[in-house]
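Residue strings, one per chain:
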Amino acid sequence: MSISDQYIDYLVGKCAESMPIIVVEKAKQCIIDFIATAANGYRHNPSFVKSYPMGGECAIIGSGLFKAAAPIAAFVNGFNAHTTELDDGHRYGMTHIGAVVVASVLAIVQERNLDFDSLIRGVVMGYEATARLAQSVQPAHKKKGFHTTGTCGTIGAALGCAFAMSQTPSQLKATLSAAATSAAGFLEIQEDSSELKPYNVSNAAMSAVMASYVGQTGKKGADDILGGNRGFIKLLCEDINMDKLVGVSDDYEIQRIYVKLYAACRHCHPAIEAAIKISEQHKVAPCDINSIRVATYQLAIKGHDHKDICGEQSAKLSIPYSVAVAYKYQSVTFDSFEAEVLNDKDVRLLIERVSVVEDADYTSQQSNKRQANVTIDFKDGSSISKMVEYAKGDRENPLSKTEFIQKFQSLTAYTSVNTNAAMKALEQSNIQELYSNL
């Protein structure tokens, strides 16, 4: 049996299982988190929709006005959801999921007037398909320079759309084939102060919708688009871990995601949290700090240790910037990248005093843990260290219900999203009421 067939068979079998209530509730949480990030992203990109044709059945979240066809809605909402770097992710697969999967599945469900169960099924299976594939090819896939959110996200989200539409196994295989050949995303797009990192997300969401529609036609795809001689694995990866791709598990991958509390790249979060803890305990002025040393894992360093901050996107990817802001303000929110903070003299001072180094032990565990140890040396000769194994929002260190609601409320403020009504609609599984409050 080909790798593609094994992958499809695993997903079909998983979908056939009776979905636990805890998984359904997690899916609802992921949808809420996506709505929040997409709405806030729209607030930051209000003119973005003007570049694309509007008119259709699917909401541009946060606008309260614009609607578009499913591919365009998935594209715009996906871009907006990743803009603030507050969308969820999966540390084992090293990928963002919700911004791609929920963007595409929600658009498909809305355009095709599917029911609430279809939405939940599509979201859960989209997370499963994305995370399984991403884990199976990491870390080699990232080391080659691919943005897993764009590549594996396209495939996983397309299959999520396909499951929402209750496609047959042969249709699923055609969807997989179309999605895999559309899969793209280079990490280079985040370099040189680029503002286009969210494009990898939005392109994946749009391509996922289109691939699922191709699968729906019933046209035959390649026999093994994943494992073939000119397929996904041979061209974009070095090898594949079949156990991570199709190994039996009682858990669903959606249960293993992280939810972000801080508006920065996830690789920055352990260091952010450690810096906040030190700042809360020791009220020492930035000018009285000699140095800040961040010890972390290898994959967190390349592309994230820069001190030359050239705008908002550059700052969101920088550990030195995140740590400096975290220490002074004891938080890193979507407002932490406004000009006032970017040009803050204390922040600029602290950035120059941060060094980011590899800890070999942390690197050896980087596939399972995202760790950082922050040590601050003060001018009076004292020093303090804080180590974070699991940043806030990880399964091992989850957000409280209050923290989650506060995040949703803060991100949707000044947007068209009715926070309380949207949450109530999801609790009651009322899909039409959900749409009316986006």
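Note that this is a predicted model, so its numbers are computed, not measured.

*Asks:* Please explain the packing of helix α18 (residues 401-412) against helix α19 (residues 419-427) as it appears in this structure.
*Replies:* Running from N to C, α18 and α19 cross one another at 130 degrees; their axes reach a closest spacing of 10 Å. By the angle between their axes, α18 is oblique relative to α19. Packed against α18, whose contacting residues are Ile-405, Phe-408, Gln-409 and Thr-412, the element α19 presents Thr-419, Asn-420, Ala-422 and Met-423 at the interface. Split by residue class, the contact of α18 with α19 holds four nonpolar, four polar and no charged.

*Asks:* Mind showing me how you'd approach the environment of Met-242 here?
*Replies:* By secondary structure assignment, the location of Met-242 is in helix α11 (residues 242-246). On a C-alpha basis, the gap between Met-242 and Arg-132 in space is 9.5 Å, while along the polypeptide they are 110 residues apart. Excluding residues that lie within four positions of it along the chain, Met-242 makes contacts with Ile-3, Gln-6 and Gly-247.

*Asks:* Looking at this structure, how should I read empty space enclosed by the protein?
*Replies:* With a probe scaled to a water molecule rolled over the atoms, the places where space remains empty come into view. Applying the stated criterion to the full structure yields one cavity of 30 Å³ or more. Approximately 40 Å³ is the volume attributed to the largest cavity. Looking at the lining of the largest cavity, the elements with two or more residues in it are β1 (58-59), α3 (70-83) and α4 (98-111). Considering each element in turn, the lining of the largest cavity owes the most residues, four residues, to α4.

*Asks:* Just to check I follow, could you spell out the side chain of His-96 for this structure?
*Replies:* Structurally, the position occupied by His-96 is in strand β4 (residues 95-96). A polar contact is formed between the side chain of His-96 and the side chain of Asp-87, at a distance of 3.4 Å. Sequence-distant contacts of His-96, that is, excluding residues within four places in its chain, are made with His-82, Glu-85, Asp-87, Asp-88, Gly-89, Thr-149, Lys-197, Tyr-258 and Lys-260.

*Asks:* It is not clear to me how the pattern of salt bridges should be interpreted in this structure. Could you clarify?
*Replies:* All chains considered together, the criterion is met by 19 salt bridges. Lys-407 is the salt-bridge partner of Asp-33, the closest N and O atoms lying 2.9 Å from each other. Residue Asp-33 is found in helix α2 (residues 21-44), and its partner Lys-407 is found in helix α18; the two are separated by 374 residues along the sequence. Lys-407 carries the same exposure label as Asp-33, and that label is buried. With a closest N to O distance of 2.8 Å, Lys-328 and Asp-344 form a salt bridge. With Lys-328 in helix α14 (residues 319-329) and Asp-344 in the loop between α15 (339-342) and α16 (345-352), the pair connects residues that are 16 residues apart, well separated along the chain. Judged by its relative accessible area of 9%, Asp-344 falls in the buried class. Shared partners join several salt bridges into a network, and the residues in it are Arg-91, Arg-266, Asp-394 and Glu-396.

*Asks:* Explanation requested: the sheet that holds strand β8 (residues 383-388) in the structure shown.
*Replies:* Strand pairing in a sheet takes place through backbone hydrogen bonds and is either antiparallel or parallel in direction. In space, the four strands of this open sheet follow the order β6-β5-β7-β8, with mixed pairing throughout. Both edges of this open sheet fall to β6 (354-358) and β8, since each of them pairs with a single strand only. Within this sheet the neighbouring strands show an average axis-to-axis angle of 15 degrees, counted without direction. In this structure, strand β7 (residues 372-378) lies alongside β8, joined through six bridges in antiparallel fashion. Bridge assignment links Val-374 to a residue of β8, and that residue is Lys-386. In the packing of helix α12 (residues 269-281) onto the sheet, the strands contacted are β5 (289-296), β7 and β8, and the crossing angle to β8 comes to about 140 degrees.

*Asks:* So what exactly am I meant to see when it comes to the side chain of Gln-110 here?
*Replies:* Turning to its location among the elements, Gln-110 is positioned in helix α4. A polar atom in the side chain of Gln-110 sits 3.2 Å from the backbone oxygen of Glu-57. If we ignore the near neighbours within four places in the chain, the residues touching Gln-110 are Glu-57, Cys-58, Ala-59 and Tyr-435.

*Asks:* Can you help me understand the environment of Met-54 in this one?
*Replies:* Within the fold, Met-54 resides in the loop between α2 and β1. The partly exposed category is assigned to Met-54, whose relative accessible area is 28%. Between the alpha carbons of Met-54 and Ser-383 there is a distance of 56 Å; along the sequence they are 329 residues apart.

*Asks:* Looking at this structure, how should I read the packing of aromatic side chains?
*Replies:* Remark: the centre distance and the inter-plane angle together describe each pair of aromatic rings, the angle taken between the planes. This structure, assessed with the given rule, holds seven aromatic pairs. Ring centres of Phe-48 and Phe-75 lie 6.3 Å apart, and the angle between their planes is 10 degrees; this geometry places the pair in the stacked category. Separated by 27 residues along the polypeptide, Phe-48 in the loop between α2 and β1 and Phe-75 in helix α3 bring together distant segments of the chain. Note on accessibility: Phe-48 and Phe-75 belong to one class, buried. An aromatic cluster of three or more residues is present, and its members are Phe-48, Tyr-52, Phe-75, Phe-79 and Tyr-199. If you follow Lys-14 out to its NZ or CZ, it ends over the ring of Tyr-252, 4.3 Å from the centre. Here Arg-266 stacks its cationic end above the ring of Tyr-258, 4.2 Å away from the centre of that ring.

*Asks:* I'm lost on the state of the cysteines in this one. Help?
*Replies:* A covalent bond between the sulfur atoms of two cysteines is what we call a disulfide. Counted according to the given criterion, the structure contains zero disulfides. Here Cys-237 is not cross-linked by a disulfide; its sulfur's nearest cysteine counterpart is in Cys-152, at 6.7 Å. Take Cys-237: its relative accessible area is 5%, and that puts it in the buried class.

*Asks:* How do you make sense of α19 when you look at a structure like this?
*Replies:* Along α19, the residues classified as buried are Thr-419, Ala-421, Ala-422, Met-423, Ala-425 and Leu-426. Ser-429 lies just past α19 and shows a positive phi near 55 degrees.

*Asks:* Help me understand the environment of His-147 in this model?
*Replies:* Considering the arrangement of structural elements, one finds His-147 in the loop between α6 (140-143) and α7 (148-164). Dropping the residues within four chain positions of it, His-147 is found in contact with Gly-185, Phe-186, Leu-187, Lys-197 and Asn-200. Side chain to side chain, His-147 and Asn-200 meet in a polar contact 2.9 Å long.

Rules used in this analysis
In this convention, every chain numbers its residues from 1, walking through the sequence in written order. Local features in this predicted model are restricted to residues of pLDDT 70 or higher, and side-chain atom pairs are both shown and tallied only at a pLDDT of 80 or more, whereas totals for entire chains, interfaces and linings draw on every residue. The side-chain numbers reported here are obtained from all heavy atoms of the structure, hydrogens and water having been left aside. Between N-to-C directions, angles span 0 to 180 degrees; the directions come from axes that are lines fitted to C-alpha atoms, helices contributing only their stretch in contact. Secondary structure counts use DSSP, requiring at least four H or I residues in a row for a helix and at least two E residues in a row for a strand, with both numbered from the N terminus. Roughly parallel here means an angle under 35 degrees, roughly antiparallel means over 145, roughly perpendicular means 65 to 115, and every remaining angle is called oblique. Residue contacts are counted whenever heavy atoms from the two residues lie within 4.5 Å of one another. Under this grouping Gly is polar, as are all residues other than the nonpolar Ala, Val, Leu, Ile, Met, Phe, Trp, Tyr, Cys and Pro and the charged Asp, Glu, Lys and Arg. Grid points spaced at 1 Å over the protein atoms alone were grouped into cavities, where a 1.4 Å probe fits but cannot get out, and pockets, open sets with protein on both sides within 12 Å along at least five of seven lines, with lining residues defined by an atom within 4 Å of a point. Grid points are joined across faces, edges and corners, and a volume is the space filled by probe spheres set on the points. A 3.5 Å cut-off defines polar contacts: any pair of N or O atoms within that distance qualifies, except that in protein one atom must be a possible hydrogen donor and the other a possible acceptor, and neighbouring residues in sequence count only when both atoms are side-chain atoms. The term salt bridge refers to a side-chain nitrogen of Lys or Arg lying within 4 Å of a carboxyl oxygen of Asp or Glu. Relative accessibility thresholds used throughout: buried, under 20% of the residue-type maximum; exposed, over 50%; partly exposed, between the two (1.4 Å probe, protein chains only). Strand pairing is assigned whenever DSSP identifies at least 2 bridges connecting the two strands. Working definition: rings of Phe, Tyr and Trp (its six-membered ring) pair if their centres are within 6.5 Å, and the pair is stacked with planes under 30 degrees apart, edge-to-face with planes over 60 apart, and tilted otherwise. Working rule: Lys NZ or Arg CZ, within 6 Å of ring centre, within 35 degrees of ring normal, means a charge sits over the ring. The criterion for a disulfide is a pair of cysteine sulfur atoms lying within 2.5 Å.

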